[in-house]
Amino acid sequence: MTPTRQGSFRLFQLWGIDVHLHWSWFVLAVYSISTRIPHYGAPIWGVWEYLILFLIVLMHEFGHALACRQVGGTADQIVLWPLGGVAYVAPPPRPGATLWSIAAGPLVNVVLVPVLFGILHAAKASGALAQSRDLEVFLQTIYRMNVWLLVFNLLPVYPLDGGQILRSLLWFRLGKARSLLAATVVGLIGGVGLIGYAVVIQSKWLGFVSLFLLSNSWRSFQHARELRKVEQLPRRAEFACPVCHASPPSGDFWRCPKCRQPFDPFATAAQCPHCQTILDQTTCPDCGNVRPQRSWDASIRDI
Ligand SMILES: [Zn+2]
Ligand SMILES: [Zn+2]
Ligand SMILES: [Zn+2]
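Residues numbered from 1 in each chain as written. Chains lettered and ligands numbered in written order. Predicted model: local features only at pLDDT ≥ 70, side-chain atom pairs only at ≥ 80, totals over all residues.

Visitor: Just to check I follow, could you spell out the environment of Tyr 88 for this structure?
Guide: Within the fold, Tyr 88 resides in strand E4 (residues 84-90). Classification of Tyr 88 as buried rests on a count of 20 C-beta atoms within 10 Å. Residue contacts for Tyr 88: discarding those within four places in its chain leaves Ala 75 and Gln 77. (Helix = DSSP H or I, 4+ residues; strand = E, 2+ residues; numbered from the N terminus. Buried ≥ 20, exposed ≤ 12 C-beta atoms within 10 Å, placed from the backbone. Contact = placed C-beta atoms within 7 Å.)

Visitor: Is there a simple way to think about the nonpolar core in this case?
Guide: If you look at soluble globular proteins, the nonpolar side chains tend to sit buried side by side. Ala 65, Cys 68, Ala 75, Ile 78, Leu 80, Ala 87 and Val 89 are the most contacted members of the largest nonpolar core, which totals 21 residues. Broken down by secondary-structure element, the contributors of at least two residues to this core are strand E2 (17-22), helix H2 (44-70), strand E3 (74-81), E4, helix H3 (95-125) and helix H5 (133-153). For this core, the leading source of residues is H2, giving six residues. Of all hydrophobic cores here, the second largest spans 16 residues; its members include Ile 102, Val 157, Ala 183 and Ala 224. (Core = buried A, V, L, I, M, F, W, Y, C linked by C-beta atoms within 7 Å.)

Visitor: Teacher, can you tell me more about the domain arrangement of the chain here?
Guide: Often, the extent of an interface is quoted as the loss of accessible area on bringing the components together. Each assigned domain of the chain is listed here: domain 1 (1-154), domain 2 (170-232) and domain 3 (234-303). Taking only C-alpha atoms into account, the centre of domain 1 sits 24 Å from that of domain 2. Taken together, the contact between domain 1 and domain 2 spans five residues of the former and six residues of the latter. When the residues that make up the side of domain 1 that touches domain 2 are grouped by side-chain class, the tally is four nonpolar, one polar and no charged. (Domains from an automatic or database assignment. Nonpolar A, V, L, I, M, F, W, Y, C, P; charged D, E, K, R; others polar.)

Visitor: Whenever I open this one, the packing of H2 against H5 confuses me. Can you help?
Guide: When two helices pack together, their arrangement is captured by the angle between the axes and the distance separating the axes. Running from amino to carboxyl end, H2 crosses H5 at an angle of 25°, the nearest separation of the two axes being 10 Å. With respect to H5, the element H2 is oriented roughly parallel. At the point where H2 passes H5, the crossing takes the right-handed sense. Across the interface between the two elements, Trp 45, Trp 48, Glu 49, Ile 52, Leu 53 and Ile 56 from H2 touch Asp 134, Phe 138, Thr 141, Ile 142, Met 145, Asn 146 and Leu 149 from H5. Residues belonging to the contact of H2 with H5 are distributed by class as follows: nine nonpolar, two polar and two charged. (Axes fitted to C-alpha atoms, helices over the stretch in contact; angles between N-to-C directions. Parallel < 35°, antiparallel > 145°, perpendicular 65-115°, else oblique. Left-handed = near helix turned anticlockwise from the far one by under 90°.)

Visitor: Can you help me understand the packing of helix H7 (residues 176-200) against helix H8 (residues 204-232) in this one?
Guide: Running from N to C, H7 and H8 cross one another at 160°; their axes reach a closest spacing of 8 Å. Taken as axis vectors, H7 and H8 run roughly antiparallel relative to one another. Pair H7 / H8 crosses with left-handed handedness. Across the contact of H7 with H8, the residue classes tally to 19 nonpolar, seven polar and five charged.

Visitor: Hey, could you run me through the environment of Arg 36 in this one?
Guide: Tracing the backbone through its elements, the reader meets Arg 36 in helix H1 (residues 24-36). Residue class for Arg 36 comes out buried when judged on the 20 C-beta atoms lying within 10 Å of it. Along the sequence, Arg 36 and Val 47 sit eleven residues apart, while their C-alpha atoms lie 8.2 Å from each other. Not counting the four nearest positions on each side in its chain, Arg 36 is found in contact with Gly 46, Glu 49 and Tyr 50.

Here it is, written out as structure tokens:
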């Protein structure tokens, strides 16, 4: 259910990051703007409010993307859709790098709190708000929306930023799989709690978002269980992934690209025992990176 390039078109490119807009954004934009217009004397303020909200979301996503690049990860796409934005970030598989890539998004909203507060009060001091009630409603709404986005994103419900921050913090102590397992369990509980809360306050929007979060939490929980299985396999200490330094599990977990039979390239010097094809690249089951077989030798790694 996460938006992809499909169904979206490219708005612009900034610092090598493509910003896409999903078609469904327009549907919700029309609906949202129509509900906001009655709050203003002049309808155009409702449009501005929605556009500024999306500018804030966009800045938040750029926070993720640029931080991810800073720590050596890849981030080249942001998709804006009705539930906000999604920055496609792949930080290096280390807890510190992941923590920074995730925390940088909400940090943008933290920085915006005093900025927007300052603008609101400067406008008040200059007497501009006394002349335009629309401007007052507009500035107050923008200020509140930013605080609300910050608080909501920090809820520890995986995959919200708060849930991912919790996961990265646990990663330092529990390792990659167990931290994800713990964070997604908290996410599942939180997701159910949010749905309950949505029913109590009768918010369809929150109900929909909570369902979306819950289904994502569930998928990530399953993924964590698979990761855990891989983590628990016996390892070949004489080899190590050149990217994450994890030793590969021993067993037929790789597939020959030619005959599609499973085999263990670390037992056969990377030669398929069925068709004799030599595998020149090996995928790391821990971090997913693909590297030449010879770079996995633990003894040559540190040279
Ligand atoms: Zn975020
Ligand atoms: Zn690896
Ligand atoms: Zn083969």
